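Structural overview
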Amino acid sequence: MNKLRTGIVGAAGYTGGELIRILLNHPNVELVYASSRSQAGKKVSSVHDDLVGQTNLSFSDEYITNLDVVFICLPHGHSKDFFKKISFPSETIVIDLSNDFRLKADAGDFVYGLPELNTTQITKANKIANPGCFATAIQLALLPLAANNLLSNEIHISAITGSTGAGVKPLATTHFTWRNNNMSVYKAFQHQHLEEISQSINQLQATFNKAINFIPYRGDFTRGIIATVYTDFSGSEEEAYQLYEKYYVDAQFVHISKENIHLKQVVNTNNNLLHLEVHDNKLMIISIIDNLIKGASGQAVQNLNIRMGWSEDLGLRLKAAMF
């Protein structure tokens, strides 16, 4: 088969760099274009120096539209403006990694690309809105309960993310001196991913109208998300595991562990691991992902694989960086 001509808009950031790394090793695509206004003219490997010797591609500040697939990695709020100026052929597959098209009110003809929820819709979509990183980890913890109408009370979530979750642009809270040996809460009860989490829950359990209490933390590590979610549950721990194993029986990247889990098991992979415990009629779900891969670039490639009818793990057979 001919390889798909593929490009990345906004390729100089963390998600762009991870997308380049994954796509260079994907057997069915040819990465022909990477745009960045700030890095135009520079070799990709001079910015993403983990790619030295892997590609001769240079960043461009011009937009190419004759592509089979384009990934949009612009900052949140910029994709809508981009599409007002630039249009792609109707047959081009567009996968947007910002939050601009994730909510139904903003989506237009974009499909929400959480594979474990919307596989059928993704197979037919030429425009896919990739989910947020916190939203991915938290939704995967809750989907089996919502699918069985078992969410009956408030949901409580604490989740911590690495510094790459804040993006490549330097900020006071990503400076090494501030971040090292430090933690902090931010956007408590009002994180932007709450809306897409609620949207997916209501897609499966339309009657759910209780509060989702979310406390996000900044961590003193570079990548990964660990979320602890708990809510009322009247069943046993064994019943909970059966419920989750049944829901995810066909999910290639979601794995249920009866042993406690830790972030190093998923860093550098597209995997999500879930661990369940029942305590006094409360079900606690621990959910872990790599925020840059399953939470962004890897999931985007997973969506492309689904759309093309390929195996979901094509180009994504990645081993965790344990040591």
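Every value quoted in this text rests on a predicted model; they were computed, and no experiment measured them.

Our next topic: the overall build of the protein. The helix and strand tally for the protein stands at ten helices and 13 strands. Taken over the C-alpha atoms alone, the protein extends approximately 60 × 45 × 35 Å along its principal axes. Considering the protein as a whole, with its 323 residues, one finds that 54% of them fall into the buried category. Contacts in the protein between residues at least 24 apart in sequence constitute 72% of all its contacts with a sequence separation of at least 6.

Let us now look at the side chain of S257. Examined against the element boundaries, S257 turns out to sit in the loop between β11 (254-256) and β12 (272-279). Those residues in contact with S257, other than ones at most four positions away along the chain, are Y241, L274, H275 and L276.

Another aspect to go through is the environment of G17. Its location among the elements puts G17 in helix α1 (residues 14-24). Taking the C-alpha atoms as reference, G17 lies 8.7 Å from L51; in sequence the two are 34 residues apart. Among all residues touching G17, those that are not within four sequence positions of it are A11, H48 and L51.

By the criterion of burial, strand β2 (residues 29-35) is predominantly enclosed, with five of the seven residues buried. Across six bridges, strand β1 (residues 4-9) lies against β2 in parallel orientation. Each bridged residue has a counterpart across the sheet, and for R5 the counterpart in β2 is E30. Handedness of the crossover is the feature at issue here: the chain leaves β1, passes through α1, returns alongside β2, and the resulting connection is right-handed.

We now examine helix α10 (residues 293-308). An α-helical turn contains 3.6 residues, so any two residues separated by three or four positions project in the same direction. Counted at 1.5 Å a residue, the expected span for α10 with its 16 residues is 22 Å, but the 19 Å between its end C-alpha atoms falls short. The positive-phi residue at the C-terminal boundary of α10 is G309, with phi of around 75 degrees.

Here strand β13 (residues 282-289) lies mainly inside the structure; seven of its eight residues are buried. Across eight bridges, strand β10 (residues 225-232) lies against β13 in antiparallel orientation. Its bridge partner being in β13, T231 is matched across the sheet by L283. Pairing between β12 and β13: seven bridges, direction antiparallel. The residue of β13 that forms the bridge with H279 is K282.

With that settled, the discussion passes to the packing of aromatic side chains. What the rule picks out here adds up to nine aromatic pairs. With a centroid separation of 4.9 Å and an interplanar angle of 85 degrees, the aromatic rings of Y247 and Y248 are classed as edge-to-face. Following the ring pairs from residue to residue traces out a cluster consisting of Y63, F82, F83, F88, F101 and F110. Directly above the ring of Y241 sits K258, whose terminal nitrogen or CZ lies 5.3 Å from the centroid.

A few words now on the sheet that holds strand β4 (residues 93-96). Sheet architecture is open: six strands sit in the order β2-β1-β3-β4-β6-β5, paired in parallel fashion. Edge positions in the open sheet fall to β2 and β5 (111-112), since each of these has one partner strand only. By the bridge criterion, three bridges tie β4 to strand β6 (residues 127-129) in an arrangement that is parallel. Its bridge partner lying in β6, V94 is registered against K127.

This part takes up the pattern of salt bridges. Under the counting rule described, the total for this entry stands at ten salt bridges. As a salt-bridge pair, E18 and R223 come within 2.7 Å of each other at their nearest N and O atoms. Of this pair, E18 sits in helix α1 while R223 sits in the loop between β9 (212-218) and β10, and the two are 205 residues apart along the sequence. Taking the shortest distance from any N to any O, the salt bridge between K84 and D81 comes out at 3.7 Å. With K84 and D81 both in helix α3 (residues 79-85) and three residues apart, this pair spans about one turn of that helix. Classification of K84 by relative accessible area gives exposed; the value is 69%. By relative accessible area, which is 40% here, D81 ends up partly exposed.

Our focus in this paragraph is the nonpolar core. In globular proteins that are soluble, nonpolar side chains generally tend to be buried together. Counting residues in hydrophobic clusters, the biggest one holds 41 residues, and the most contacted among them are L145, I155, I201, Y244 and I285. Elements with a minimum of two residues in this core: α6 (133-147), β7 (155-161), α8 (194-204), β9, β10, α9 (237-247), β12 and β13. Ranked by the residues each element gives to this core, the list is headed by α6, at eleven residues. Formed by 35 residues, the second largest nonpolar core is a distinct cluster that contains I20, V29, V111 and A300.

Cut-off values and rules
Residues numbered from 1 in each chain as written. Predicted model: local features only at pLDDT ≥ 70, side-chain atom pairs only at ≥ 80, totals over all residues. Heavy atoms only, no water. Helix = DSSP H or I, 4+ residues; strand = E, 2+ residues; numbered from the N terminus. Buried < 20%, exposed > 50% of the residue type's maximum accessible area, 1.4 Å probe, protein only. Contact = heavy atoms within 4.5 Å. Pairing = 2+ DSSP bridges. Right-handed = clockwise from strand over helix to strand, strands pointing away. Expected span 1.5 Å × (residues − 1). Phe/Tyr/Trp six-rings, centres within 6.5 Å; stacked < 30°, edge-to-face > 60°. Lys NZ or Arg CZ within 6 Å of the ring centre and 35° of its normal. Salt bridge = Lys/Arg side-chain N within 4 Å of Asp/Glu carboxyl O. Core = buried A, V, L, I, M, F, W, Y, C linked by side-chain atoms within 4.5 Å.

These values are about where atoms sit, not about what they do.
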